[in-house]
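Now for the letters of each chain:
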Amino acid sequence: MKNLAIVISIFLFGLTQGCQQENRETSAQWRGAMRDGIFQETGLLDTWPDNGPELLWIYKGLGRGFAAPAVTAEGLFVNGEHEGDSYLFALDLEGKLLWKSPNGREFLGEGFSSTYPGARSTPTVYGDLVYTSSGTGDIGCFETAGGEEKWNINISGDLDGILGYFGYSESVAVDKEHVYCFPGGASTNIAALDRFTGKIAWTQSAHRDTFAYGSPVLVDLAERPILIHTSRHHLVTMDRRNGDLLASYELEGYEYDGEHCNTPVYTDGNIYFVANDIPGQGAMKLELSDDGLSIKEIWRNNEILNNFGGLVVVDGVLFTMVKGNKLVALDPGNGTVTDTLKAATGSIIYSDNKFFCYGNNGTVNMVSYDGNRMEVAGQLKVKEGSGHHFSHPVIARGIMYIRHGDAIMAYKIR
């Protein structure tokens, strides 16, 4: 009987691992599997040639924007723009266009915001469906195989939301049942949609707070599945089953900026976040209770500011890019800067003991990290494409994908 129990336990463990592996293989989203900027790759090049890694292919024709792709085993999905309309593009892994489907109007802006036009959000792939949002707040569901639209909903027209000054930038989060989004309205601050029909499952007014530009993080705690999100003045946790507001942490006031564009990172019971408010709280580490009902500040470093370049947490150490072309590491215990490295300020991801920093000047630095030392081990200059270098790199199966405006490039880094 004991042997039978062991066999059953091994079988169930293998089944669970298989399901998790299947989910990793069939799903792709903003900043990796856990939305934390970490890509689970191995065997990547330790150094790059002087002229950078091999460019496998380049696709041109995405239009304006800086939306990063979502990459699966079959291909990649990326948002683009043409003559003011938003499109979801599907490419195969050799850079050939498979299909493109319209998804409402893209954000072009007015006044100062018009200097940042185009696609913003990364699609989320779940099974045979892909979910995406345009810069004007059209959230659409499409079949991955041929791009047929299954449903569409607009945050302003259908959810009583508010379009921010710089457009709708959220990369929606998806689980087995729902699509989670932030319309940012007073009555519908946060919403869950049925992922098969687009019908509203629940809405939450939360603090009736105003719009932000970040994306939600989904965490499965022992007691309940939760959502972590930021608004303009708060970081909140919510019960994904019914939308109940569980806990909130106030983000202090500011004189300017305050858009809160970064996505929080959750790991080992802690929430990490970096803002760009002046004055404000900069980088912070928050302890989340096991039930998700309370948030406690562990530390904050007001001097560490990052607008939308993201953050990565490795072994409790927070890494992010700051002004002055620096990559910084913060102490897990108190948040003080323990190490810095000269690298062009921009976005940051991590894989195989290496950071990949895509600078706003078009320079990509690969930084090796052995646990106590950072060193630039490779560099390339992105010369193709157009507009701002604001996209976040994506790594999948030994290939690094970088979007620069009209173009997306695939580099062999394994």
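Model, not experiment: these values are computed from the prediction. (Residues numbered from 1 in each chain as written. Predicted model: local features only at pLDDT ≥ 70, side-chain atom pairs only at ≥ 80, totals over all residues. Heavy atoms only, no water.)

Undergrad: Is there a simple way to think about the sheet that holds strand β23 (residues 317–322) in this case?
TA: Pairing between sheet strands relies on hydrogen bonds along the backbone, with the strands arranged either parallel or antiparallel. The strand order β22-β23-β24-β25 describes an open sheet built from four strands, whose pairing is antiparallel. The strands lining the two open edges of the sheet, one partner per strand, are β22 (311–314) and β25 (337–342). Here the average twist between neighbouring strands, direction ignored, is 20°. (Pairing = 2+ DSSP bridges. Helix = DSSP H or I, 4+ residues; strand = E, 2+ residues; numbered from the N terminus. Axes fitted to C-alpha atoms, helices over the stretch in contact; angles between N-to-C directions.)

Undergrad: Mind showing me how you'd approach the sheet that holds strand β15 (residues 225–230) here?
TA: Spatially, β14-β15-β16-β17 is the arrangement adopted by the four strands of the open sheet, whose pairing is antiparallel. Among the strands making up the open sheet, the edge pair consists of β14 (217–220) and β17 (245–250). Each adjacent strand pair in this sheet contributes to an overall mean axis angle of 20°, direction not counted. Two elements, β14 and β15, share four bridges in a ladder whose sense is antiparallel. Considered in β15, the bridge of Val219 is made with Ile226.

Undergrad: For this particular structure, what's the right way to read the packing of aromatic side chains?
TA: Both the distance between ring centres and the angle between the ring planes are used here to describe each pair of aromatic rings. Inspection of every chain in the model, using the stated rule, returns 18 aromatic pairs. Their ring planes at 80° and their centres at 4.9 Å tell us that Tyr165 and Phe166 sit as a pair that is edge-to-face. Since its relative accessible area comes to 44%, Tyr165 is described here as partly exposed. Between Phe166 and Tyr213, the ring centres sit 6.3 Å apart and the planes meet at 65°, which makes this aromatic pair edge-to-face. Remark: Tyr213 occurs in the loop between β13 (200–204) and β14 and Phe166 occurs in the loop between β9 (149–154) and β10 (173–174); sequence separation between them is 47 residues. (Phe/Tyr/Trp six-rings, centres within 6.5 Å; stacked < 30°, edge-to-face > 60°. Buried < 20%, exposed > 50% of the residue type's maximum accessible area, 1.4 Å probe, protein only.)

Undergrad: For this particular structure, what's the right way to read unusual backbone geometry?
TA: Negative phi characterises most residues that are not glycine, and trans characterises most peptide bonds. Although it is not a glycine, Asp315 sits at a positive phi angle of roughly 55°. Of note, Asp315 is situated in the loop between β22 and β23. The phi dihedral of Arg397 is positive, around 55°, even though this residue is not glycine. Among the secondary structure elements, Arg397 is positioned in the loop between β30 (394–396) and β31 (399–404). Overall, Arg397 belongs to the partly exposed group, its relative accessible area being 36%.

Undergrad: Teacher, can you tell me more about the pattern of salt bridges here?
TA: If charged atoms from side chains of opposite charge come close, those side chains can pair. All chains considered together, the criterion is met by 14 salt bridges. Notably, a salt bridge pairs Glu223 with Arg224, separated by 4.0 Å at the nearest N-O pair. Given the relative accessible area of 52%, Glu223 is considered exposed. Judged by relative accessible area, which is 15%, Arg224 ranks as buried. (Salt bridge = Lys/Arg side-chain N within 4 Å of Asp/Glu carboxyl O.)

Undergrad: Honestly, the side chain of Ser134 in this entry has me stumped. Any pointers?
TA: Relative to the elements of secondary structure, Ser134 occurs in the loop between β7 (129–133) and β8 (138–143). Beyond its immediate chain neighbours, meaning those up to four positions away, Ser134 contacts Ser86, Asn103, Arg105, Glu106 and Tyr168. (Contact = heavy atoms within 4.5 Å.)

Undergrad: Honestly, the pairing of strand β26 (residues 346–351) in this entry has me stumped. Any pointers?
TA: Side-chain direction in a regular strand flips from residue to residue, so the side chains alternate between the two faces of the sheet. The element β26 is extensively covered by neighbouring structure, given that six of its six residues are classed as buried. The sheet contact formed by β26 and strand β27 (residues 354–359) spans six bridges and is antiparallel. Of the residues in β27, the one forming a bridge with Ile349 is Phe356. The turn linking β26 back onto β27 is made up of two residues, and Asp352 within it adopts a positive phi angle of 55°.

Undergrad: Sorry if this is basic, but what is going on with the nonpolar core here?
TA: Soluble globular proteins tend to bury their nonpolar side chains together. By size, the foremost hydrophobic cluster in this structure holds 35 residues, and its most contacted members are Phe356, Met400 and Tyr401. Sorting elements by how many residues they give to this core places strand β32 (residues 407–412) first, with five residues. With sequence-adjacent residues up to four places away left out, Met400 is seen in contact with Trp48, Phe356, Val364, Leu380, Pro393, Val394, Ile395, Met409, Ala410, Tyr411 and Ile413. Val172, Leu193, Trp202 and Met238 belong to the second largest nonpolar core, which has 28 residues in total. (Core = buried A, V, L, I, M, F, W, Y, C linked by side-chain atoms within 4.5 Å.)

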